Every structure is written in structure tokens, then in C-alpha cells.
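Reading the structure
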Amino acid sequence: MFKPMDSAESELSFFEKLWQINWVVVLLLCATASIGFAMLYSAGNGSFDPWASRQMVRFGIGLSMMLVIALVDLKFWYRYAYAIYLVALLLLAAVEFAGFGAMGAQRWINLGVIQLQPAEIMKIALVLALARYFHAANPIDLGRILYLVFPLLLVTGPTVLMVRQPDLGTALMLAAAGGVVFFLAGVRLWMFGVALTVLLAAVPVAWHFLHGYQKKRILTFLDPGSDPLGAGYHILQSKIALGSGALFGKGFLQGTQSHLNFLPEKQTDFIFTMLAEEFGLAGGLGLLVLYFFLLAYGVGISLRARCQFARLLGMGVTVTFFLYLFINIGMVMGLLPVVGVPLPMISYGGTAMLAVMIGFGLLLCVGVHRDMRIGRRGLIE
Amino acid sequence: MRSDSDRYKSFTRRTAAVAGFKIALLSVLGARMYQLQVVQADRYATLAEENRINLRLLPPPRGRILDRRGRLLAVNRQNYRVLMTVERADAAESALAALARFIFIGDGDRKRVLREIGRKRSFVPVTVRENLDWREVARIEVNAPDLPGVTIDVGRSRFYPSNELAAHVLGYVSAVSEEELNGDPLLELPGFKIGKSGVEKVYDELLRGTAGTSQVEVNAIGRIIRELSRQGGEPGRDISLTLDLDLQTFAAERIADESAAVVVMDVQTGDVLAIASTPSFDPNAFNSGLSTADWNALVNNARSPLTNKAIAGQYAPGSTFKMIVALAALENGVASPEQTVFCNGKYEFGDGTFHCWKRWGHGRVDMVDAIAESCDVFFYDLARRVGIDRIAEMAGRFGLGHSLGIDLPGERSGLMPTKAWKQAVQGVAWQSGETLVAGIGQGFVLTTPLQLAVMTARLVNGGRAVVPRITHREASVEESAEFGEAEMSLGVSEASLRLVRRGMDDVVNGPTGTARGVRVEDEALAFGGKTGTAQVRRISERERQTGVRKNEDVPWHVRDHALFVGYAPLAEPRYAIAVVVEHGGGGSAVAAPIARDILLEVQRLDPARSAPQPLAFLR
């Protein structure tokens, strides 16, 4: 049997660990965030106020947090994975009672110093908990439905809370990220078939429980022209902004759609539209390329890790990151319904940025501790 | 160890699958970007411009209306309005209170402003009051620093200097109603006014002009960011009328106390020099919006001030119709000029007795006498012999029974009955007795004052089919070329016309004429004409025996209409006039003096009236 690892790897010195951090990823994140600053500067009509300056501060905090997380021993994260999950779940539940709403949804909790969106924390916490659970899985376990009950509860708990909030976008994102971790952990493919069938069967029932505006958004997504001044307005204006940006855009600070306020929420959910309006196809594809490299590094780091917890954690974080950007960009281009998912590292918003950077901190941590092994039974010393 | 490496292999395979899937989805995003930003870029670029650029209409100044000598009948007056822009609705109360310290703001205005502020977007100015005088403007301007968001705006409003004196001809302007919207964006401008009656309505499009446009950049909520370009419009064209302001004023004031209508026209050109209808209304009142009470008062007035009686009032012509009957008889060879009839005050026909207005009769009269003394019996006899259809044919030649096509709205056609008409409309055969009644201009016959004026003009201008007009239409040159003298002729013989005119001369100037009381001694200014008294109620046989009640003794609405048609000067007639006084009583006593005064005035105003200007529209 496999034994707890030799101690040499876990005793890397601080500077050795620092050296082991994947600085290319850090650089890519800085570059992405800088694009965000520029766009927020533009969204503020050529001013650092009110968004760009505050976002820069947050990025500074996030960057240090990310590096600290990266340097923390991987075992720490393994040990406290469930505890973190539990805290996130409690926060999420607390939103039900103590939260306050923004734009018709209860999403925020006030911790006195900062306002927190527990949903963003949960995205990372869920990946941590699932990675820990599947770390110990063996092929026989993965064929047993009973074995999957606990991780399924891990996923459905927060998802149901999110639906109740109601935040359909985050709920779907949680479910999707969880599903991908299941898949990577080696859960049998036929089980996905069963799950898919059950889900499809549940669609009509779920539809019944959706809020009016959620139904409307989905219907509008299916036929955006049906309501050009109502719910379809945002998407139509977003497409106009994107399309009129053409190949090279209208120029920095020159986006008519964004600066004349035809574009809604240009500093948050629709910031990609603004980028594509002012910098055109070139700008949009440029950002996609940056994201692609970040994702590629995520996959690479995960593949190189030696223990299953680290691999699942790395991939889970990468997939979550991907879901953020895909849902957001897909939404503003009219490929997906309008759901409140920010563009990672770009959109204005504290918790979302922190969550993404915590996620990347964990990914970097996986990279730093790529040779660390954790026994299948866990941390038995 | 083996299971571990298996697991790693499985993880690697599945990671590759996930990564591949991600790449595929990223490609979808890229493809979508290409589709939006390259393939459909042009379309979206257009849409973005449409979003951003707003066309604002610049309303053109409305054309003025002038009289025949270029004097102003309708103008645009500067209208100072005070506007208020309130960024927050709850600040409106205090802003209004501040403004109320300097100008009077009525309770109604106050409520309306608060309502509009609540409804409109915060940057859209709301009109607080219109038509400020210069003192109020000055007071606001001086205190401008204390009145944030309050601005003075100069608009244009229509003003009619002659007030109610020419109201029916000029008409009035007022806000566009729902039914009048025809897709022209100009009509949808708030505060835009269009002609609702009279010349303002008929020539609305010319007077209106074309709107200029201003391209402005707006943001999503419609606030103007800046002006991009401006294109001037075409101001409305001025229109000059055939009216003579002095004569119009005189005529309208002369009949101001009656419910009456007057038309004065040039017998050669057809120019209408005055056209008045009373009671009238003040067209300026419509500009700022009439109150419901005022409107109801206008609509419910029994003397119908909103109706232009000169063209829309239909009255039995009474004895003024007798010239037509005489001409019909002469031209059809039914009667000779010398023929006489003995009038004993009654005419027996069938089982009926037809009375002359003069109870004991006129004795033996010839045609000239019959016109001068307005002998009914003579014309009963004449009408019976000519027949209704030939009378109607002659009436038609003189402009009765059909619309004359004057360029004013609401002209009515009157009625000239024929046998066929009665069969078709009433389904009953024509009774011979009805011909007799029609012979003295009663019964079914209906005419408008304008028709009577035209009839008179055609009687005295040598039998030419002159057409009335209120403007000199641009096409008139072509028209007159097309309609040569031959086409203009009514085909009535000179001798017959002369005979009838002698009768009309005698009405006023003859020793036994019905209107000899109003004759003008000065030969140069003397006039001729014909009185008419149109019976409104039926006089029963019993009343005849006990004595017909005098007009003063019956209620206003059943009294006789007083009519007079006339012309001047006697020798070479230039002006024709028709006067109808509703329920005024006898034509000679009531209508004739009015006609005399106006005919004197028109000659006094311009003894050598210059030929009308050929150009109708002054710029």
C-alpha cells in the first residue's frame, strides 16, 4: 500500500516555494486584470472613479491572498476542505435570513467590514470538498451509487440554496462544476446518462418553480426580437454594441453604445461587450487568448500533480474559471440566457474577483506542491 | 499502485476530454464574435447610429395671412413661456413656490405642472405658463439666480389682429387631434397647431411649410448630448386674400348685433371683398386652448357663432329669387316683357288660394313693376307657366342649387328642386302648387348668402359666369385662358338681363319700389337690388282673416328672415352684395339698410379700385 509521502517535499523552504510558484500564471492574471482596469476606467467615462481605482485595490488584496494561499501547505487545504465547505454553506444559508438584495435577488451578506457574496466562495469550497471526497475513491466505489450520495448532497445543498435566492446562473454553474469534478474523478459514464435523463425529466417541474422574470429571460433568450424594449433590450443593445465594434473597434473611450448608456451594467456583466465595442474583434479575441493560456496552464498544472486531490482541485478551479467566462461571454453575445455571471478578473465586483483569485491561489498551490502525495486514506500521521 | 496509475490514466483521458470540450466552446465564442463583428458588422453599425442619433424636428414658422392690400390678418406672435426642469420630482413643489413669488401661477396650472413632472423624464422641461407679458419675463430674468431650472422660452403663437371680425374666413389653429395624425412627424410635435377651419384649414399645408431637422446625439434615456448637424426647413408661405380688411371690418361691425351674414364681391373678378357672419367668435381664444365652458357656450348658442352662415347657412331666397323666375320665363319665350298681370292680392290655383304679400293687391303690373313692387301674384302666374324644371335650369346658371367651389371649408350647396329631385328624394310626384311657391323663392328652394351674391353678380355683369374666390389662386392665369369670354357667358340675352336690372333699379330708386326708403340720392353712388322676406312659419287661413301677426309679436326663432341682394354703382355695376338677417323681419326694413351702408362704404373706400394683383401668394 501506498504510504504517506516522504517528508522531503513537504519541507520546502519559503523561498523554494516562492520559486516554485508559476509566475507565468500570475503574470497572465495581472495582464487580464489590467484589461479590466482599462475597461472600468472607460466605463467611468475616462475616470478611475468610481470603479477602476477600487478594483485595483481589490486586485492588490486578491494578489497577496492568492500568493499566501499558494504558499500554504496543500495538506492544510486537504484537512480543512470540509470545514471550509461547511462555513461557505452556513454563509449561504445565512443570506436567506440576513442577506440583502440587489437587482431583485438576495445575494449579499454584510459582514460588517465587507459585503460578501457567499455564492462566489461556495464555488471554490465545493470544488475543495469534492476533490477531497474523490481523492479517496477507488474504481469499485465509483461504480456504486450509494458512494455517490454524499458528494451529490455536497452539490445539491448549495445549488438548492442558490435557486432559492434566486440565482439561477450560479446554481447552474455550481451544478456544472460539480458534474465536471464527478466526471474527472472517474464516475462511470452510464451514471451521467442516468443523471441527464433524470434532469431532463425534471425540466418541466423546475420550470414550474421558476420566477416570472427567470422564465421571461429564458423565453427572451429563445426569441430575443419578441420584446425589444423589455427583457430583450439588454441583449439586443449588447449585440448592437458588439457588432458595431467590428474588426478593430471604435477606440478606447469611444464606444457610443456604452458611453451613451444604451449598454446596461457595462461595468459588471456586460463589460465584455464594452471591450469588444471599443477594441473590436481584435480586442475580444485577444482576451479570449489570454483566457485560453490561463486555462491551458490550469490543465497543465493539474496534470502534473501527483495526488488525486491536487489534480481534482486544480481542474475543478480551472473548470469553474472557464464556466465563468464562457457563460458571461456567451450571454452578452446572445448565445445564452441573461444570467448574472461576471466576467472573471474583468468585471467590477469584489467577491467575484477574490473568489477567482482564491481559486487561482489554490491552483498555484497545487503547482507548488505538485510532487506532494497524500495517502488515499488521508492524513494519517 | 496499479489502481493509482489506472486512476491517473483515467484522469488524464477525461481531462483531455474536458480540455477539448473547453476549446470547442471557446471556438464557438470566437465564431460568434466573428459572426457579430465581421459578418453582421454593417447592420449593427447602422443600428448603433440609429440608437445614438436622433432627428429633432424644427417646426417652421406658419405663413401669414394678408388682405388684398397686404395688411395682416393672421400673424405669428412671440409667445414667452416659462419652463421648468426639475431633476427630482420632490423638488417640484418648492421650485413652483419659488416661481410663484414672481409670477402668478393658478391652482390649475400648479396641479398640471406637478402631474407632468411626475410623468415626464426629469430633464424634459415642463411648461408652467404661456403668454407671459414683458414685466413677468423681466421679473423672472432678474431673479434667475434664485430660480434654478427655470427658463424662459420664446415660442410662436398665432394671432389674429382683427379678432372676431374675420374669424369665419380665417378660421383658427389648434392642437392636432388623434384623427388628424397622418404619419407626418411634424404633427406629433408637442404644441404643434394646425388650421381647423377657414383659410387656415384650406391652405394649411401651404401655410405650414416644411420642417427643418436637427441631428442630435442622445443617450439611452433621450437626453441630448450635442447637436451634430442642422438642416433648415421651409417656412410656411404667406397667403393673401381677396378680402379688404377695412370693408370686412365695416361689414362685420354693421351686422354685429344681428344673427346675419354678408357677402360682398367684385362682379367682374369674383373676388370676395368681405364675407362676414355673426355672431362671431374670437379665433385667438382657440390658440391657448378653449375652456370646456367657453366651448359649450359656443356650441350651444342658438345663433351658432361657429358656423359661417355666409357659406353654410341655407335660407329660402324669398323674393330675391324672382329675377331668376323672370329670366326663365323671358328666355323660354313664355312671357314677353310687355305682358301684364292683374293682382288683386290672391291667386286661385287648383283648390288653393295663393296670397300676395300685399293684401289688397298691386293692380295691373308688368314685369318691371312686379320686380320693383315684388308682386307675388305676377310671379305665381309666371312660375306656373314656366314650370319648375325650367326655373331650376335658369337658377343653376346663376349659381344656385350647387356648390360654387369657393376655397373655404363647409360650403353648402343649397337646394333647387326639380320634378325628378322630388320623385327621387321624397318619392312623391311634384305638385303644381309647389311650382307657385317656388316662384316666390319659398318652399323647397334654399340658397346660401354666397350663392345670392354670385347670382346678383351674374345678373349685373352682363351674364358672365363669374366664380367667387377668397384667394387669387395660382392657376387663375391658365384658367382664364382656358375659359374665354364665350365659355364664361351664361347664354342669357342682353335684353332680358337689362329688363330684370331695370326692375332691380326700380326696387330702390323707382317710385313704388319696396326699398325706396333706403335709396341713395347721390347718383354716382346709387345702387339697385331686390328685397326678400323668407317666411319661416306657416301662416294659417284663420290668421290671415284675423290679421297676420307682426314679426315683433312672435318668438325670435319663427320670425321671417330678412334678405337683400344689391349692386352698385347703378350704371356700371362693380360690386354685388347679399345680406341675410336671420329672423330679422322684412327685407326692406332690416336687410336693405345694411346693404346700402356697406355698398356706400365699399365705394367710398376705393372709388377707383385698382385691378387685382395677378400674383396670389406673396413671399
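Residues numbered from 1 in each chain as written. Chains lettered and ligands numbered in written order. Predicted model: local features only at pLDDT ≥ 70, side-chain atom pairs only at ≥ 80, totals over all residues.

1. Some thoughts on the overall build of chain B
Quick reminder of the rule: Secondary structure elements follow DSSP: runs of H or I no shorter than four residues count as helices, runs of E no shorter than two count as strands, and numbering proceeds from the N terminus. Three classes are used. A residue is buried when 20 or more other C-beta atoms lie within 10 Å of its own, exposed when 12 or fewer do, and partly exposed in between, with C-beta atoms placed from the backbone. For every residue pair, C-beta atoms are placed from the backbone, and the pair is scored as a contact if these atoms sit within 7 Å.
Across its full length, chain B holds 24 helices and 19 strands. Within chain B, the fraction of its 619 residues that count as buried is 41%. Within chain B, contacts between residues at least 6 apart in sequence are counted, and of these 74% link residues at least 24 apart.

2. A closer look at the overall build of chain A
Broken down by element type, chain A carries 15 helices and three strands. Look at the contacts in chain A between residues 6 or more apart in sequence, and 72% of them connect residues 24 or more apart.

3. As for the sheet that holds strand β19 (residues 575–581) of chain B
Backbone hydrogen bonds are what pair the strands of a sheet, in a parallel or an antiparallel way. Residue and element names in this part refer to chain B. Stated formally: The criterion for strand pairing is that DSSP finds at least two bridges linking the strands in question. Note on geometry: axes are C-alpha line fits, over the in-contact stretch for helices, and angles between N-to-C directions span 0 to 180 degrees.
Judged by pairing direction, the sheet is antiparallel, and its five strands sit side by side in the order β12-β11-β19-β18-β17 without closing on themselves. Among the strands making up the open sheet, the edge pair consists of β12 (272–277) and β17 (528–534). Between one strand and the next, the sheet's axes are offset by a mean angle of 5°, whatever the strand orientation. Relative to β19, helix α19 (residues 449–460) is tilted by about 150°, and along the sheet it contacts β11 (260–266), β18 (561–568) and β19.

4. What to know about the confidence of the model for chain A
All names here are of chain A. Note the cut-off: In predicted models, pLDDT denotes the confidence assigned by the predictor to each residue on a 0 to 100 scale.
Of all residues in chain A, 88% attain a pLDDT of 70 or more, and the chain-wide mean is 85. Contacts from residues 1–9, a stretch scored under 50 in pLDDT, to residues over four places away or in other chains number twelve contacts. pLDDT under 50 marks residues 102–106. Its contacts with residues more than four places away, or in other chains, come to eleven contacts.

5. Observations regarding the interface of chain B and chain A
The criterion, for reference: As a working rule, the residues Ala, Val, Leu, Ile, Met, Phe, Trp, Tyr, Cys and Pro are called nonpolar, Asp, Glu, Lys and Arg charged, and the rest polar, with Gly in that last group.
Taken together, the contact between chain B and chain A spans 36 residues of the former and 42 residues of the latter. Mapped onto the side of chain B that touches chain A, the elements with two or more residues apiece are α1 (2–39) and α2 (41–52) of chain B. When residues in the side of chain B that touches chain A are grouped by element, the largest group, 22 residues, is from α1(B). By residue class, the composition of the side of chain B that touches chain A is 19 nonpolar, nine polar and eight charged.

6. Considering the nonpolar core
Residues and elements named next belong to chain B. Put simply, the rule reads: Joining buried Ala, Val, Leu, Ile, Met, Phe, Trp, Tyr and Cys residues through C-beta atoms within 7 Å gives a set, and that set is a nonpolar core. Domain start and stop points were drawn from an automatic or database domain assignment.
The biggest cluster of nonpolar side chains holds 127 residues, and the ones touching the most others in it are Val 262, Val 263, Val 264, Val 325, Ile 391, Ile 577 and Val 579. Summarising the domain contributions, this core has at least three residues from each of domain 1 (56–240) and domain 2 (245–605). If we skip the residues at most four places from it in the chain, Val 579 touches Ala 260, Val 262, Leu 563, Phe 564, Ala 591, Ile 594 and Ala 595.

7. Quick word on the pairing of strand β15 (residues 352–355) of chain B
All names here are of chain B. Across four bridges, the pairing between strand β14 (residues 346–349) and β15 is antiparallel. If you follow Tyr 347 over to β15, its bridge partner there is Phe 354. In this structure, the hairpin formed by β14 and β15 is closed by a connection of two residues, where Gly 350 is found at a positive phi of approximately 60°.

8. Things to note about the sheet that holds strand β9 (residues 224–231) of chain B
Residue and element names in this part refer to chain B. Sheet architecture is open: three strands sit in the order β1-β8-β9, paired in antiparallel fashion. Each having just a single partner strand, β1 (53–58) and β9 make up the two edges of the open sheet. For this sheet the average axis-to-axis angle between neighbouring strands, irrespective of direction, equals 30°. In terms of strand pairing, strand β8 (residues 212–218) meets β9 through six bridges, oriented antiparallel. Note on β9: the bridge partner recorded for Gln 215 is Ser 229.

9. Focus: the pairing of strand β13 (residues 340–343) of chain B
All names here are of chain B. The alternating pattern of β13 places Val 341 and Cys 343 on a buried face and Thr 340 and Phe 342 on a face that is not buried. Alignment of β13 against strand β16 (residues 363–366), held across four bridges, turns out to be antiparallel. Bridge pairing links Val 341 to Val 365 in β16.

10. Some points on the environment of B:Arg544
With respect to the element layout, B:Arg544 can be found in helix α23 (residues 541–546). Separated by 185 residues in the primary sequence, B:Arg544 and B:Arg359 have C-alpha atoms spaced 9.3 Å apart.

11. Details of the packing of helix α13 (residues 271–304) of chain A against helix α15 (residues 350–368) of chain A
All names here are of chain A. Here is the rule: For classification, angles of less than 35 degrees are called roughly parallel, those exceeding 145 degrees roughly antiparallel, those between 65 and 115 degrees roughly perpendicular, and all remaining angles oblique. Here a crossing is called left-handed whenever its near helix is offset anticlockwise from the far helix by less than a right angle, and right-handed whenever the offset is clockwise.
Between α13 and α15, the least distance of the axes is 9 Å, while the angle of their chain directions is 40°. By the criterion of interaxial angle, the relationship of α13 to α15 is oblique. The element α13 and its partner α15 pack so that their crossing is left-handed. In this structure, α13 uses Gly 298, Ile 301 and Ser 302 to contact α15, whose residues at the interface are Leu 363, Val 366 and Gly 367. Class assignment for the residues of the contact of α13 with α15 results in three nonpolar, three polar and no charged.

12. Overview of the confidence of the model for chain B
All names here are of chain B. Mean pLDDT over chain B stands at 86; residues scoring 70 or higher make up 93%. Within the model, pLDDT remains below 50 along residues 610–619, and this stretch shows 22 contacts once partners closer than five positions in the same chain are excluded. Quick note on the complex model: pTM equals 0.65, ipTM equals 0.89.

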